[in-house]
Amino acid sequence: MRLVVNGHPVEAAPRPGQCLRTLLRELGWFGVKKGCDAGDCGACTVHVDGAPVHSCLYPAFRAEDAAVTTIEGLADLDPEPGLHPMQQAFLDAQGFQCGFCTAGMVMTAAALDQSQTHDLASALKGNLCRCTGYRAIADAVAGVAHCHADAAGGAVGRNVPAPAGPAIVTGAARYTMDVAPEGELAGLLHMKILRAEVPHARIRAIDAAAARALPGVVAVLTYEDAPERLFSTARHHHATDDVDDTRVLDPVIRHIGQRVAAVVAENEAVAEAACALIRVDYEPLPAVFDPEAAMEEGAPALHGEKGAESRIADPARNIVARLHSETGNVAAGFAAADVIHEASYQSQRLQHAHLETHGAIGWLDGDGRLTLRSSTQTPFLTRDALADLMGLPRDKVRVFAARVGGGFGGKQEMLVEDIVGLAVLKTGRPVKLEYTRAEQFAASTSRHPMRVKVKLGATRDGRLTAIQLDMLLNTGAYGNHAVGVLFHGAGECVALYRCPNKRVDGRSVYTNSLPSGAFRGYGLSQTIFAVESALDELAHRLGIDPFALRRLNVITPDDHAGHDDVEIGSYGLDQCLDAVEAGLRGPLPALGPDWAVGRGMAAAMIDTIPPRGHVGQTRLRLTAEGRYELATGTAEFGNGTTTVHAQIAAGALNAAIAQISIRQSDTDHVTHDTGAYGSTGTVVAGAATQRAAEALALMIRQAAGARLGVPPEACRIAGDDVIAGEARLPLGDLAPLEAVGEANGTPRSVAFNVQGFEVAVNRRTGEIRILRSVHGADAGTVINPLQCRGQVEGGVAQAIGAALYEELRMDGQGAVSNPSFRGYHIPAFADVPVTQVFFADTHDRIGPLGAKSMSESPFNPVAPALANAIFDATGVRLRATPFTADRLYTFLIEKEPA
Ligand code: FES
């Protein structure tokens, strides 16, 4: 058939059943993204004869004789040279973070007529964004420009635009799968995974003869092909922090969705067909799904055969890790209390739902090195783990990330690279594995479901005398992040309060369900929901205002903030509390007899860096053209590190942002980087960049001084020159010069977040409407206010979904029963209120240029602030998330029978 794509006549022969999305990508139009392949997310939106369509639902043959426009051709539709006005608007407002949704979002927005732009909630209902919280997108469509023009030096504190912006709005940005099968990727093979449909079983035999005989199948991998070595899919600076309980392919199945076999074939369809031909003979084993039951005598032990080398705390009782810590005397603290509040709080299983699913492409490079292009937050740690697993020296493995389409902790995990690496080594050919959205939901990782019992003691005037927590984590079938989430979750939620007597106990427990993993907040969102809800309950019992109760008990700048290497480098909690209280002030609106209105708040603290070391390295080189090449290990996945690093370097070198080009997240570029997790992109990797830039600035002044015969102090860098008095030397004349900066993540500081809501609850239906959302954030010096505001808005939006309706539901056998965006609803444009964001005015003495982290933490106080507002409105206390309308309705009916 014939069609015209972006003005180019094309002859194509679509396969039976092929959709337009895959056809366009096969033709090389990589701006057309895959987010769901079900018409739910809109990342694949293109225009067919001028009308926007979801190309994943559009049969390719229907495009015969049509004019198809993708994001790459949008600008050509505009008579003016340059970008299409909507592309320019997204650039000016920076209406993106990771940018994976942006092409589809721009294509939909570009097709809107004037009347539709006034109702974006309807007009954009078919396009999902997981990063931004939609405010920046609304600004873009409204034509609000936020970004500052580039300027030499002084870049810190300005809304410098993301360097990748032009590539993102034109579809030129390259994500993991955006690469043609040519050059080293010629002959690319496709992998599909056969997944278990039983929760617990031993594989007696696998008959793959029919699959292997299918034309086009190159290899079928089973546990017999996999290394015996155990590892953890979690990635941390110290690999021994996690338990080794996982095999690439394991003869024991421990959850529905676990890998059974991998088929590698000439195309996806053959690989999928071959999976269906594999016969597996299982010996069923008893399964357990409840963490309390899993610890009981006689419960099936999921990893009972593992020895001490796996570092599992108690394999016989399914306890992966346990924790006990106590300061002061908790019993005495409760004895001294006038009021004791005790209750249990439950947080549910969540999916990260980054729009780019997990995936990797592997091959052997010209030197025979195993090379992985992967959607990862941790290329260096993944390289190290792969090398160990495959028995290769580290310099024989390269892992790099292209632009990453969102992560939220989900990509601090080696979920695909191991099996792709194995297939490359077995076949000697390039191999690609890309998760479907269903696999993303049902076979990757989730937030830890957590039950937290809280006991608080206080004097009549509101002073805390004792805090006690008991945490129970359902870590699922494997212990990836089970240890870290337990320990991190137990920390800052109680360290925020200056109570003398504290005790925390916790256990992470195996069950035959989907593995839990790292998720934004890393355990704190669940424990902060519990503690901040409990404090609100205590405040109501004492008749004390919730803000006043916090002010009475929170740590002060002179207090100790928890771990030995944590210091309060700056303190803006008081400003955050004041700002949120002021933002909620005023009379409550009256919405009619069916609506109850109320307000609630919650506070949160987070250490700015994970404990026990986090290494960043930056290499900065001056070129003969007077430009700077900056190589850093940390990954850009929508967190804005590329922009921040450019700003930090530009500040130290008094350079224009345009003078700095950045290469990131490639094990060939720098020696080591722990990875882009724990909100470290600015405070660790950024500190390394600051040190490299300061060192290079000194080298430049020294070299210029020697050349001009003046002392280095007499030389000043100004853009692409060095000036000393009347003398002026082009920077490029001093090239090459190179400096390396390193940071090791210690000491650490703390960041603060306070969230407030005003809500209306419909007494007859349980519907919750957010009337006001106010967020106070202490991020130290805010290097890029627009980006940082976006992190807060995105975090709050994601947390609103988590608090109100998101839930990865499991059936009775531990299978995920809602593995799609239609079944697992994430916030759409219409669901997210505008959040008023306030930044405290502080300068951190530890962070680079006074900055602190602000990626994960805005998520953490949202659920308790909503629960507290709902209680204030209705008198109903919700102690389990999500607060769905039907659940709230049952409580409302109990309270006030119809
Ligand atoms: Fe929208 Fe990342 S920017 S999904």
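Before reading further, recall that the structure is shown in the block above.
Residues numbered from 1 in each chain as written. Predicted model: local features only at pLDDT ≥ 70, side-chain atom pairs only at ≥ 80, totals over all residues. Heavy atoms only, no water.

J.: So what about the pairing of strand E2 (residues 8-11)? Which residues, and what values?
T.: Sheet topology places strand E1 (residues 2-5) next to E2; four bridges connect them, and they run antiparallel. By the bridge assignment for E2, Leu-3 is matched with Val-10. Connecting the antiparallel pair E1 and E2 is a turn made up of two residues, with Asn-6 showing a positive phi of about 50°. (Pairing = 2+ DSSP bridges. Helix = DSSP H or I, 4+ residues; strand = E, 2+ residues; numbered from the N terminus.)

J.: Give me the sheet that holds strand E29 (residues 750-762): which residues, what numbers.
T.: Hydrogen bonds along the backbone pair up the strands of a sheet, which may run parallel or antiparallel. The strand order across the open sheet built from four strands is E21-E29-E30-E31, with neighbouring strands paired in mixed fashion. With partners counted over all chains shown, the strands left at the sheet margins are strand E21 (595-607) and strand E31 (835-839), one partner each. Neighbour-to-neighbour, the strand axes of this sheet turn through a mean angle of 15°, independent of strand direction. Sheet analysis places E21 next to E29, joined by 13 bridges and oriented antiparallel. From the neighbouring strand, Gly-600 faces E29, where its bridge partner is Phe-757. Across the sheet, helix H22 (residues 785-804) touches E29, strand E30 (768-778) and E31, and the angle it forms with E31 is around 130°. (Axes fitted to C-alpha atoms, helices over the stretch in contact; angles between N-to-C directions. Contact = heavy atoms within 4.5 Å.)

J.: An account of the pattern of salt bridges is requested, with residue identities and associated values reported.
T.: Going through the model one piece at a time under the given rule, you end up with 55 salt bridges. Of the charged contacts, one joins Asp-139 and Arg-789 as a salt bridge, the two residues approaching to 3.5 Å between their closest N and O atoms. Pair noted here: Asp-139 is in helix H5 (residues 135-142) and Arg-789 is in helix H22, with a separation of 650 residues, a long-range link. A residue is classified by how much of its surface remains accessible, and Asp-139, at 14% relative accessible area, is buried. Here Arg-789 falls in the buried class, since its relative accessible area comes to 13%. The salt bridge involving Asp-565 is made with Arg-748; its shortest N-O contact spans 2.9 Å. Placement of Asp-565 in the loop between helix H17 (546-553) and helix H18 (573-583) and of Arg-748 in the loop between strand E28 (737-743) and E29 is noted, with a sequence separation of 183 residues between them. (Salt bridge = Lys/Arg side-chain N within 4 Å of Asp/Glu carboxyl O. Buried < 20%, exposed > 50% of the residue type's maximum accessible area, 1.4 Å probe, protein only.)

J.: For the sheet that holds strand E17 (residues 431-434), give the residues involved together with the corresponding values.
T.: Here seven strands make up an open sheet; going across it, the order is E8-E10-E6-E17-E14-E15-E16 and the pairing mixed. In the strand order of this sheet, the two ends are held by strand E8 (217-221) and strand E16 (397-400), each with one partner. Looking at each pair of strands side by side, their axes are set apart by 20° on average, direction ignored. Looking at chain direction, strand E15 (residues 370-374) and E16 are connected through four bridges and run parallel. The residue bridging Arg-373 from the neighbouring strand is Phe-400, located in E16. Packed onto the sheet, helix H8 (residues 268-277) meets strand E6 (189-195), E8, strand E10 (259-265) and E17 and runs at close to 25° relative to E6. Against the sheet, helix H11 (residues 379-390) contacts E15 and E16, and its axis sits at roughly 150° relative to E16.

J.: Account for unusual backbone geometry, with residues named and values stated.
T.: Residue Pro-736 is bonded to the preceding Ala-735 through a cis peptide linkage, with omega at -5°. The topology assignment puts Pro-736 in the loop between strand E27 (727-730) and E28. Across the junction of Thr-746 and Pro-747, the peptide omega takes the value -5°, indicating a cis bond. Looking at the secondary structure, you find Pro-747 in the loop between E28 and E29. We note that Tyr-522 has phi near 50°; this positive angle belongs to a residue other than glycine. Tracing the backbone through its elements, the reader meets Tyr-522 in the loop between strand E20 (502-510) and helix H16 (524-542).

J.: Describe the nonpolar core, naming the residues involved and giving the relevant values.
T.: Counting residues in each nonpolar core, the largest one holds 162 residues, and the members touching the most others are Phe-90, Val-759 and Phe-883. The element best represented in this core is H16, accounting for ten residues. Apart from the residues lying within four places of it in its own chain, the contact partners of Phe-90 are Gly-95, Phe-96, Thr-102, Met-105, Val-106, Ala-109, Ile-137, Ala-140, Val-141 and Val-169. Membership of the second largest hydrophobic core comes to 50 residues, among which are Met-191, Ile-253, Val-399 and Ala-423. (Core = buried A, V, L, I, M, F, W, Y, C linked by side-chain atoms within 4.5 Å.)

J.: Account for the packing of aromatic side chains, with residues named and values stated.
T.: Under the definition given, this model contains nine aromatic pairs. Here Phe-441 and Phe-821 contribute two aromatic rings whose centre-to-centre distance is 5.6 Å and whose plane-to-plane angle is 85°, an arrangement assigned as edge-to-face. Taken together, the positions of Phe-441 in helix H13 (residues 437-443) and Phe-821 in the loop between H22 and E31 put the pair 380 residues apart, joining distant regions of the chain. Of the residues examined, Phe-821 reaches a relative accessible area of 6% and is grouped as buried. (Phe/Tyr/Trp six-rings, centres within 6.5 Å; stacked < 30°, edge-to-face > 60°.)

J.: Give me the lowdown on the packing of H16 against H17, citing residues and values where you can.
T.: Orientation of H16 relative to H17, taken along the N-to-C sense of each, is 110°, at an axis distance of 9 Å. When the axis of H16 is compared with that of H17, the two are roughly perpendicular. Two secondary-structure elements touch here, H16 through Glu-532, Leu-535, Asp-536, Ala-539 and Leu-542 and H17 through Pro-546, Leu-549 and Arg-550. Residue classes in the contact of H16 with H17 are distributed as five nonpolar, no polar and three charged. (Parallel < 35°, antiparallel > 145°, perpendicular 65-115°, else oblique. Nonpolar A, V, L, I, M, F, W, Y, C, P; charged D, E, K, R; others polar.)

J.: Quick rundown of the packing of H17 against H18? Include the residues and the values.
T.: With their axes 11 Å apart at the nearest point, H17 and H18 run at an angle of 175° to one another. Considering their axes alone, H17 and H18 lie roughly antiparallel with respect to each other. Contact residues: Phe-547, Arg-550 and Arg-551 in H17; Leu-577, Asp-578, Val-580 and Glu-581 in H18. Tallied by class, residues from the contact of H17 with H18 come to three nonpolar, no polar and four charged.

J.: Provide a residue-level description of the layout of surface pockets, including the pertinent values.
T.: Taken as a whole, the second largest pocket holds about 1000 Å³ of empty space. Considering the residues around the second largest pocket, the lining is formed by 38 residues, among which Arg-15, Thr-22, Glu-26, Glu-268 and Lys-432 are closest to the centre. The set of elements that each furnish at least two residues to the lining of the second largest pocket consists of helix H1 (20-26), E6, H8 and E17. Sorting elements by how many residues they give to the lining of the second largest pocket places H1 first, with four residues. By residue class, the composition of the lining of the second largest pocket is 15 nonpolar, seven polar and 16 charged. (1 Å grid on protein atoms, 1.4 Å probe; cavity = no way out; pocket = protein on both sides within 12 Å on 5 of 7 lines; lining within 4 Å. Points joined across faces, edges and corners; volume = space filled by probe spheres on them.)

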